[in-house]
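Residue-level listing of the chains:
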Amino acid sequence: MSRVPPPWPPVEVETAHRHPDAPPPGTKFGPHYAHCFGCGDEVEHGLHLQTEAGEGTAIHAQFTVTEAHQGAPGLAHGGLLACAFDEALGVTVGQQLRRPAVTGRLETDFLAPVPVGSTLHIVGTLDGIAGRKVYASAEGRLDAPDGPLALRARALFVIVDFRHFVEHGRAEDLRAVAENPSLLRQSRFDINP
Ligand SMILES: CCCCC/C=C\C/C=C\C/C=C\C/C=C\CCCC(=O)SCCNC(=O)CCNC(=O)[C@H](O)C(C)(C)COP(=O)(O)OP(=O)(O)OC[C@H]1O[C@@H](n2cnc3c(N)ncnc32)[C@H](O)[C@@H]1OP(=O)(O)O
């Protein structure tokens, strides 16, 4: 099989501009939901991905691989690495476009093994927008922003109405959020198209 990836984005797109209200470079976001496996502060063995606004549409993210994240002995599980990219790219779309969106498609190239104890440095950017479809991609490097390239990912996010979450979320979890809105750690998240 060829290692040459197909053209990206796969359709004609418009430039995805950073929303005027997107936080300035250097802003740390913190978790968006206490129980999010990717970033939540109440998920003991979650990824606890840390994210920060970069220049343009970039987001910088980091996560340290723990013993709880193993697939093979001493190595990170690929699915959890993909999860880190899903999270980092979700933050890229959510924070830089300031629109609610969900992952429609995520592809990941695993270029080098990621040992337990490593810190993955991820940079995600927006690649274009076509109607409700938002294309974004990211690279992950080992232990330093300019460390060895370990992963690449490309994703399609689809912009949705906030009703998506209310209609599809489990009732008891939505109730818990209604009773304790601070579970949504970024309650100031507003939608200005
Ligand atoms: C009260 C609660 C509020 C909660 C909100 C809270 C906070 C937000 C705050 C901060 C955000 C910050 C961070 C977020 C961080 C990380 C989040 C991680 C993201 C996720 O982890 S999220 C979970 C996984 N994700 C899903 O759970 C999606 C399941 N899925 C669906 O819900 C539907 O499937 C949907 C909505 C995707 C589309 O459905 P739909 O009916 O709306 O639209 P449709 O099908 O027409 O697709 C429209 C156009 O996308 C094309 N398209 C769609 N899918 C494609 C694919 N796979 N490949 C190629 N093209 C595709 C179509 O071909 C069409 O293209 P065209 O327009 O050209 O025809």
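Residues numbered from 1 in each chain as written. Predicted model: local features only at pLDDT ≥ 70, side-chain atom pairs only at ≥ 80, totals over all residues. Heavy atoms only, no water.

Named according to an unreviewed UniProt entry, the chain is Acyl-coenzyme A thioesterase THEM4 originating from Actinophytocola xanthii. Checking UniProt for the chain, the heading Sequence similarities (unreviewed entry) contains the comment "Belongs to the THEM4/THEM5 thioesterase family." (UniProt positions renumbered as here; feature names shortened; annotations may be inferred.)

Further remarks concern the overall build of the chain. Per the secondary structure count, the chain includes three helices and six strands. Along the chain, helices and strands appear, N-terminal first, in the series β-β-α-β-β-β-β-α-α. Rg of the C-alpha trace for the chain: 16 Å, near the compact-globule value of 16 Å for 193 residues, within the 12% margin. Principal-axis analysis of the C-alpha atoms gives the chain an extent of 40 × 40 × 30 Å. (Helix = DSSP H or I, 4+ residues; strand = E, 2+ residues; numbered from the N terminus. Rg over C-alpha atoms; globule rule 2.2 N^0.38 Å.)

When the terminal C-alpha atoms of helix 1 (residues 78-97) are compared, their 28 Å separation across 20 residues agrees well with the 28 Å that a helix rising 1.5 Å per residue should span. Where burial is concerned, most of helix 1 is hidden: 15 out of the 20 residues are buried. Just downstream of helix 1 lies Arg98, where phi reads positive at about 55 degrees. (Expected span 1.5 Å × (residues − 1). Buried < 20%, exposed > 50% of the residue type's maximum accessible area, 1.4 Å probe, protein only.)

Here a ring pair, both rings aromatic, is described through the centre-centre distance and the interplanar angle of the planes. Under the criterion given, the structure shown has two aromatic pairs. With centroids separated by 5.4 Å and ring planes inclined at 85 degrees, the aromatic side chains of Trp8 and Tyr135 adopt a geometry described as edge-to-face. With Trp8 in the segment before strand 1 (50-53) and Tyr135 in strand 5 (residues 133-142), this pair connects stretches of sequence that are 127 residues apart. Classification of Trp8 by relative accessible area gives partly exposed; the value is 25%. Between the aromatic rings of Phe162 and Phe165, the centroid separation amounts to 6.2 Å while the plane-to-plane angle is 50 degrees, which identifies the pairing as tilted. Residue Phe162 is classed as partly exposed on the basis of its relative accessible area of 34%. (Phe/Tyr/Trp six-rings, centres within 6.5 Å; stacked < 30°, edge-to-face > 60°.)

This part is about the sheet that holds strand 2 (residues 59-64). Pairing is antiparallel in the open sheet, where six strands are placed in the order 1-2-4-5-6-3. Edge positions in the sheet fall to strand 1 and strand 3 (101-110), since each of these pairs with one other strand and no more. The sheet shows a mean angle of 20 degrees between the axes of neighbouring strands, taken without regard to direction. Of the pairings in the sheet, the one linking strand 5 to strand 6 (residues 149-159) comprises nine bridges and is antiparallel in character. Across the sheet, the residue bridging to Ser137 is Arg154, located in strand 6. Against the sheet, helix 1 engages strand 1, strand 2, strand 3, strand 4 (119-130), strand 5 and strand 6, with an angle of about 50 degrees to strand 4. (Pairing = 2+ DSSP bridges. Axes fitted to C-alpha atoms, helices over the stretch in contact; angles between N-to-C directions. Contact = heavy atoms within 4.5 Å.)

Let us look at the layout of surface pockets. One number sums up the size of the largest pocket: a volume of about 1200 Å³. Put simply, the parts of the chain that give the lining of the largest pocket at least two residues each are helix 1, strand 3, helix 2 (163-168) and helix 3 (171-179). Broken down by element, the lining of the largest pocket gets its largest block of residues, eight residues, from helix 1. Here the lining of the largest pocket is composed, by residue class, of 20 nonpolar, 12 polar and five charged. Computed from the structure, the second largest pocket encloses a volume of approximately 490 Å³. Arg3, Pro5, Asp109, Leu111 and Arg152 are the residues nearest the centre of the second largest pocket, which is lined by 19 residues in total. When contributions to the lining of the second largest pocket are tallied by element, the ones reaching two or more residues are strand 3, strand 4, strand 5 and strand 6. For the lining of the second largest pocket, the element with the most residues is strand 3, which contributes four residues. (1 Å grid on protein atoms, 1.4 Å probe; cavity = no way out; pocket = protein on both sides within 12 Å on 5 of 7 lines; lining within 4 Å. Points joined across faces, edges and corners; volume = space filled by probe spheres on them. Nonpolar A, V, L, I, M, F, W, Y, C, P; charged D, E, K, R; others polar.)

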